[in-house]
Amino acid sequence: MVKVWNLVAIMLVVLLPNVSSYDRPATRKNIVMHPSSNDPLSPEQVHISLVGPDKMRISWITKHSAMPTVVYGTTSGKYEGSANGTSSSYQYLLIYRSGLINDVIVGPLKPNTVYYYKCGGQSSTQEFNFKTPPSQFPVKFAVAGDLGTTEWSKSTLDHVSKWEHDVFILPGDLSYADLLQPVWDTFGRMVQPLASKRPWMVTQGNHEVELIPVLHRQSFTAYNNRWRMPFEESGSTSNLYYSFNVVGVHVIMLGSYTDFEPGSDQYQWLEKDLKSIDRKTTPWLMAVIHAPWYNTNEAHQGEKESVDMKQSMETLLYNARVDLVFSGHVHAYERFNRVYQDKFDKCGPVYINIGDGGNKEGLAKNYRDPTPAISLFREASFGHGQLVVVNATHAQWKWQRNDDDVSVEKDSVWLTSLSADLSCQI
Ligand SMILES: *[C@@H]1O[C@H](CO)[C@@H](O)[C@H](O)[C@H]1NC(C)=O
Ligand SMILES: *[C@@H]1O[C@H](CO)[C@@H](O)[C@H](O)[C@H]1NC(C)=O
Ligand SMILES: [Fe+2]
């Protein structure tokens, strides 16, 4: 029997030379990570995020209450800077209480500079370091959504860590804890080697909602407590949507699972944020959502978060000449042409789905046929994206497939900013 199938497989390969020889990998199991130290004051799950033009938020967890203090400086072992912040914790059902979640903002910081820091003050034994983004082009973004905590997630992160980038962007679905709160702790430990070194700018997906009728009526409890993003700094009243600038790029992080209808807080905030953008200082404009507005995979078709949010906000983004929209949710990679209202439009954004970080649910392998003309590249494989914004007009996007643990470039395209296209100016 085995031999017959081998023969069939060989025949298929011979007869269909265009079929990729890459076998889509199976799902891998979740990993479990424990704290690396028994000391209840030892910092763990360290991650950082950008705050304003020259500050960084440092977040970490301790088992017991400690001073939310960070000491930092540009020489290892010498910490001329010191900052205090806040601690909080949250309860989930009766069975789980988080550790102390500490948040400290440090800065002003110099651009393109390595800082050494200790969480918990001078007496803490472990030193971490991060690099601030540059102040001039080029700037490099690593992008991967729907990450999870499997061996594939880890493999994807290994690949990202080998690519010298400035900022990590996650378009939603972080830990896949799915109510089991200790999985959030594993996620924090898994990402620390990267997320303590480069800012992680995230938005939330459906797996962050974690609402249980009657028993836990608050949405996004773990997400909002553990992954506080710089929303106040961009005039937002919610951690679920915000924006930030890096060099000449304005990035808008939207929330697919909170109100987005015209008149909602998010909608009004988006209108205001778009009006405040000066394309002379930030020629590049990107948006990040979780549930894709364009998607030719069979998975997640027709969901309210995709259809209604697109209906509500697509014209706002189009009129603002957004260059790029990243999304996740569908566990595959797909790149579209410039699109507006389902058709090619040279002044519309390029839509990219990159929900292929490697979570426990596996790949979304079935596509709608025939491929619509607006979909330029689609493939159900794990991987991550690399965006190099070279200068005010040019950027290069690459999709790196995770080929059984080897990172291989499979899609690459040059993009030009709509801010430089005179025929698209409003
Ligand atoms: C942080 O708090 C400690 C204790 O209250 C205080 O001694 C220290 O001066 C504060 N540091 C800063 C930078 O505010
Ligand atoms: C921007 O980068 C592209 C690609 O490297 C290059 O062709 C172009 O000349 C650059 N533009 C400027 C103004 O330097
Ligand atoms: Fe999702």
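Residues numbered from 1 in each chain as written. Chains lettered and ligands numbered in written order. Predicted model: local features only at pLDDT ≥ 70, side-chain atom pairs only at ≥ 80, totals over all residues. Heavy atoms only, no water.

A.B. asks: How do you make sense of the pairing of strand β11 (residues 139-143) when you look at a structure like this?
C.D. replies: Within a regular strand, side chains alternate between the sheet's two faces. Of all five residues in β11, four are buried; the element is thus mostly enclosed. In the sheet, β11 pairs with strand β22 (residues 383-389) via five bridges, with the strands oriented antiparallel. What sits directly across from A142, in β22, is Q386. Sheet analysis places β11 next to strand β12 (residues 167-171), joined by three bridges and oriented parallel. Within the sheet, the bridge partner assigned to A142 lies in β12 and is F168. (Buried < 20%, exposed > 50% of the residue type's maximum accessible area, 1.4 Å probe, protein only. Helix = DSSP H or I, 4+ residues; strand = E, 2+ residues; numbered from the N terminus. Pairing = 2+ DSSP bridges.)

A.B. asks: So what exactly am I meant to see when it comes to the coordination of the iron ion (ligand 3) here?
C.D. replies: Each donor-metal-donor angle would ideally measure 109.5 degrees in four-coordinate tetrahedral geometry, or 90 or 180 degrees in six-coordinate octahedral geometry. Distances from the iron ion (ligand 3) to its protein donors, D173 (OD), N206 (OD1), H290 (NE2) and H329 (ND1), fall within 2.1 to 2.2 Å. Of note is the iron ion (ligand 3), whose four donor atoms meet at the metal with angles of 88 to 170° in an arrangement that counts as irregular. Under the relative-accessibility criterion, H290 is labelled buried at 0%. The exposure class of H329 is buried, given its relative accessible area of 2%. (Donors = N, O, S within 2.8 Å, 3.2 Å for Na, K, Ca; no water. Tetrahedral: all angles 85-135°; square planar, octahedral: opposite > 155°, others 65-115°.)

A.B. asks: Please explain the packing of aromatic side chains as it appears in this structure.
C.D. replies: Two numbers describe a pair of aromatic rings. These are the distance of the centres and the angle of the planes. Taken as a whole and assessed by the stated rule, the structure comprises 21 aromatic pairs. Plain terms: the ring middles of Y117 and F130 are 5.3 Å apart, the flat faces sit at 50° to each other, and that makes the pair tilted. Placement of the pair is Y117 in strand β9 (residues 114-119) and F130 in strand β10 (residues 128-131), with a sequence separation of 13 residues. Using a relative accessible area of 1% as the deciding quantity, one classes F130 as buried. Considering the side-chain rings of Y242 and F244, the 6.2 Å spacing of their centres and the 25° angle between planes classify their relative orientation as stacked. Owing to a relative accessible area of 7%, F244 belongs among the buried residues under this scheme. Geometry around W152 places R28 over its ring, the cationic atom sitting 3.6 Å from the centre. The ring of Y318 has R321 sitting right over it, with the charged end atom 4.8 Å from the ring centre. (Phe/Tyr/Trp six-rings, centres within 6.5 Å; stacked < 30°, edge-to-face > 60°. Lys NZ or Arg CZ within 6 Å of the ring centre and 35° of its normal.)

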